[in-house]
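Spelled out, the chains give:
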Amino acid sequence: MKARIVTLPGDGVGPEVTEVAVAVLQAVASHYEHDFSFEPHAIGGAAIDACGEPLPAGALAACQGADAVLLGAVGGPKWSDPNAPVRPEQGLLALRAALGVYANLRPLQVHPALASLSPLKNERLKDVDVLFVRELTGGAYFGAKTRTADTATDECKYTVVEIERVVRRAFALARDRRRHLTSVDKANVLETSRLWRNTVQRVASDYPDVKVEHQLVDSMAMLLLTQPSRYDVVVTENLFGDILTDEAAALAGSLGLLPSASLGEGRRGLYEPIHGSAPDIAGQGVANPLGAILSAALLLRHSLQLEAEAQAVEAAVTHVLEHGPRTRDIGGQAGTVAVRDAVLVAVEDHARTHHAFFSGARACG
Ligand code: NAD
Ligand code: IPM
Ligand code: MN
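None of the values given here were measured: they were computed from a predicted structure. (Residues numbered from 1 in each chain as written. Chains lettered and ligands numbered in written order. Predicted model: local features only at pLDDT ≥ 70, side-chain atom pairs only at ≥ 80, totals over all residues. Heavy atoms only, no water.)

**Remarks on the site of ligand 1**
How we decide: Only a single heavy atom is needed: when it lies within 4 Å of a molecule or strand, its residue is near that molecule or strand. Under the rule applied, a polar contact is a pair of N or O atoms within 3.5 Å (in protein, one hydrogen donor and one hydrogen acceptor; residues adjacent in sequence only if both atoms are side-chain atoms). With residues, only the protein chains shown are counted as cover, and all accessible areas are computed by Shrake-Rupley using a 1.4 Å probe. Amino acids are sorted into nonpolar (Ala, Val, Leu, Ile, Met, Phe, Trp, Tyr, Cys and Pro), charged (Asp, Glu, Lys and Arg) and polar (every other residue, Gly among them).
By nearness alone, 20 residues border ligand 1, and V74, E89, G276, A278 and D280 come closest of all. In the model, an oxygen atom of ligand 1 is placed 2.7 Å from a nitrogen or oxygen of the G276 main chain. Within the backbone of S277, a nitrogen or oxygen atom sits 3.1 Å from an oxygen atom of ligand 1. Protein burial of ligand 1: of its 810 Å² of free accessible surface, 69% is covered by the chains. For the shell around ligand 1, a count of residues per class yields nine nonpolar, seven polar and four charged.

Encoded structure:
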């Protein structure tokens, strides 16, 4: 198939991991006879430096015309002065809003080979398989902001429409998994959370086959660490989802491992690892590219509907987690490029053994 993919490498380690994800998608295209085109654009700090704004109109228009968007990360100390008039993160938020990608899927699995890296005891990590569905285009991120010398406010607002569409998406996803949905809120304090809980309760009657539970966010932060294998699909608002998924990444062994897919109504999606620009390791060639590669797998699955290809990439990542090489954050010594090369070999091997029409260069070798 033909697909147009816009890449937004961004800042810090963003370009380092995006380059690897693109190489993997190119390998998939070549082994499975697809025609993927890649169009890079600046976003975030790189775009501020180049043209003064974090999401230039040309980049946004390209994303709106693409089949899928693959993003690295934005931000960094250079642009983090609290008094700065414009910030890299504004570009990412504006992009999510403009693309209407309200449902942010963040799957968490704990690979047995990495269980020893987690701060938790191994037996707690058995069978951890959680799909977080984070609301992505509402809440405190997008409410009105005010600021005077001694006061600041961030309005947290949700409408029923905003809640209902992401909750329905989470119910639908739960139906295809273990039929258990946990809705996380702070309904004992926040009005937005009470609207959220009312909406979940109403929508639940359309999904009688899915078991629903409500959990307050503070105790959820604890339960994620003490009983992570209890959870199947977890749906929550924007800010809670941001925080809980970085916490969840510690269970997997590293923030560098977790991918995400941000989806709206159509097939177009925005795909990015959940980590940031990692300024402390940027430019050293040691960033873990697996979160970005797994995001590319989600792109194949959700935007291009290439399930076999998505599974091939995921199998290649599992193979590399089991056999190495590994980057430093998951206990290895390897650099980003060595991991890339190992994943590329594993994708090719997988295609050769599982794909009847394999057309890779080493097919006869
Ligand atoms: P971060 O995710 O950039 O880094 C947190 C820690 O995780 C660091 O020690 C870092 O080295 C490590 N880490 C992250 N990704 C890694 C990888 N791929 N391989 C190995 N180690 C990795 O979070 P932060 O330091 O709080 O934020 C830095 C900047 O990134 C901020 O400007 C923030 O706004 C931005 N940010 C952007 C995104 C995004 O673009 N989607 C996401 C989160 C943070
Ligand atoms: C993420 C990031 C972003 C968020 C920032 C960079 C705006 O932390 O994608 O998790 O908070 O959504
Ligand atoms: Mn985050």
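**Focus on the pairing of strand β2 (residues 35–40)**
The criterion, for reference: The criterion for strand pairing is that DSSP finds at least two bridges linking the strands in question. Helix numbering and strand numbering both begin at the N terminus, where a helix is a DSSP run of H or I of at least 4 residues and a strand a DSSP run of E of at least 2. Consider the strands pointing away from the viewer: the crossover is right-handed when the path from the first strand over the helix to the second runs clockwise.
Examined bridge by bridge, strand β1 (residues 2–10) and β2 share six bridges and lie parallel to one another. Residue pairing in the sheet places I5 in a bridge with F38 of β2. With respect to chirality, the unit in which β1 leads through helix α1 (residues 14–32) into the neighbouring parallel β2 is right-handed.

**Focus: α1**
Note the threshold: One less than the residue count of a helix, multiplied by 1.5 Å, gives the span that helix is expected to have.
Counted at 1.5 Å a residue, the expected span for α1 with its 19 residues is 27 Å, and the 27 Å between its end C-alpha atoms agrees. In the segment just after α1, E33 is the residue with positive phi, at about 60°.

**What to know about the nonpolar core**
The condition that has to hold: Here, the term nonpolar core denotes a set of buried Ala, Val, Leu, Ile, Met, Phe, Trp, Tyr and Cys residues that are joined through side-chain atoms within 4.5 Å. Working definition: with a 1.4 Å probe on protein chains only, accessible area under 20% of the residue-type maximum means buried, over 50% means exposed, and in between means partly exposed. The start and end points of each domain follow an automatic or database-based domain assignment. Contact between two residues is taken to exist if any of their heavy atoms lie within 4.5 Å; hydrogens are not considered.
Core analysis: the biggest nonpolar cluster contains 93 residues, and F36, L108, V133, F171, L290, L300 and V343 have the highest contact counts within it. Split by domain, this core shows at least three residues from each of two domains, domain 1 (1–102 + 269–365) and domain 2 (119–252). Dropping the residues within four chain positions of it, L300 is found in contact with L25, V28, F36, Q305, L306, E309, A310 and V313. In this structure, A59, L71, L95 and L99 belong to the second largest nonpolar core, which totals 17 residues.

**Re the side chain of T182**
Among the structural elements, T182 can be located in strand β8 (residues 180–185). A relative accessible area of 0% places T182 in the buried class. A polar atom in the side chain of T182 sits 3.0 Å from the side chain of E213. Every residue in contact with T182, bar those within four places of it in the chain, is listed here: E213, Q215, M220, Y231, V233, V234 and V235.

**Observations concerning the site of ligand 2**
Taken together, E89, L93, R96, R106, R134, Y141 and D242 make up the full set of residues near ligand 2. The contact in question runs from an oxygen atom of ligand 2 to an N or O atom on the side chain of D242, over 2.9 Å. Out of a free accessible area of 320 Å², ligand 2 has 77% covered by protein chains. Per element, the largest residue contribution to the shell around ligand 2 is three residues, and it comes from helix α4 (residues 88–99). Considering only residue class, the shell around ligand 2 consists of two nonpolar, no polar and five charged.

**Topic: the state of the cysteines**
The criterion, for reference: When two cysteine sulfur atoms are found within 2.5 Å, that pair is recorded as a disulfide.
With the rule as written, the count across this model stands at zero disulfides. Left unpaired, C51 is separated from the closest cysteine sulfur, that of C63, by 13 Å.

**A word on the domain arrangement of the protein chain**
Using the following cut-off: Each of two parts loses accessible area, computed with a 1.4 Å probe, when they are put together; buried area is these two losses added.
Entries for the protein chain in the domain assignment read domain 1 (1–102 + 269–365) and domain 2 (119–252). Taking only C-alpha atoms into account, the centre of domain 1 sits 26 Å from that of domain 2. Contacts between the two partners involve six residues from domain 1 and, on the opposite side, twelve residues from domain 2. Contact between domain 1 and domain 2 buries roughly 900 Å² in total, counting both sides, with carbon and sulfur atoms accounting for 66%. Tallied by class, the residues present in the side of domain 1 that touches domain 2 amount to five nonpolar, no polar and one charged.

**Observations concerning helix α12 (residues 336–354)**
The terminal C-alpha atoms of α12, which comprises 19 residues, lie 27 Å apart, in line with the 27 Å expected from a rise of 1.5 Å per residue. Inspection of α12 places T336, V339, R340, A342, V343, A346, V347, E348, H350 and A351 among the buried residues, and these make up the whole buried set. For α12, the elements touching its buried residues are α1, α10 (290–302) and α11 (307–323).

**Quick word on the sheet that holds strand β10 (residues 233–236)**
Test applied: For helices, the fitted axis covers only the stretch in contact; all axes are lines through C-alpha atoms, and the angles between them, taken along N-to-C directions, range from 0 to 180 degrees.
Here we have ten strands laid out as an open sheet, ordered β2-β1-β3-β12-β11-β4-β5-β10-β8-β9, and mixed in their pairing. The open sheet has two edge strands, β2 and β9 (211–216), and neither has a second partner. Neighbour-to-neighbour, the strand axes of the sheet open up by a mean angle of 25°, direction not taken into account. Bridging between β8 and β10 involves four bridges; their strand directions are parallel. Directly across from S183, in β10, lies its bridge partner V235. Packed onto the sheet, α1 meets β1, β2 and β3 (68–73) and runs at close to 145° relative to β3.

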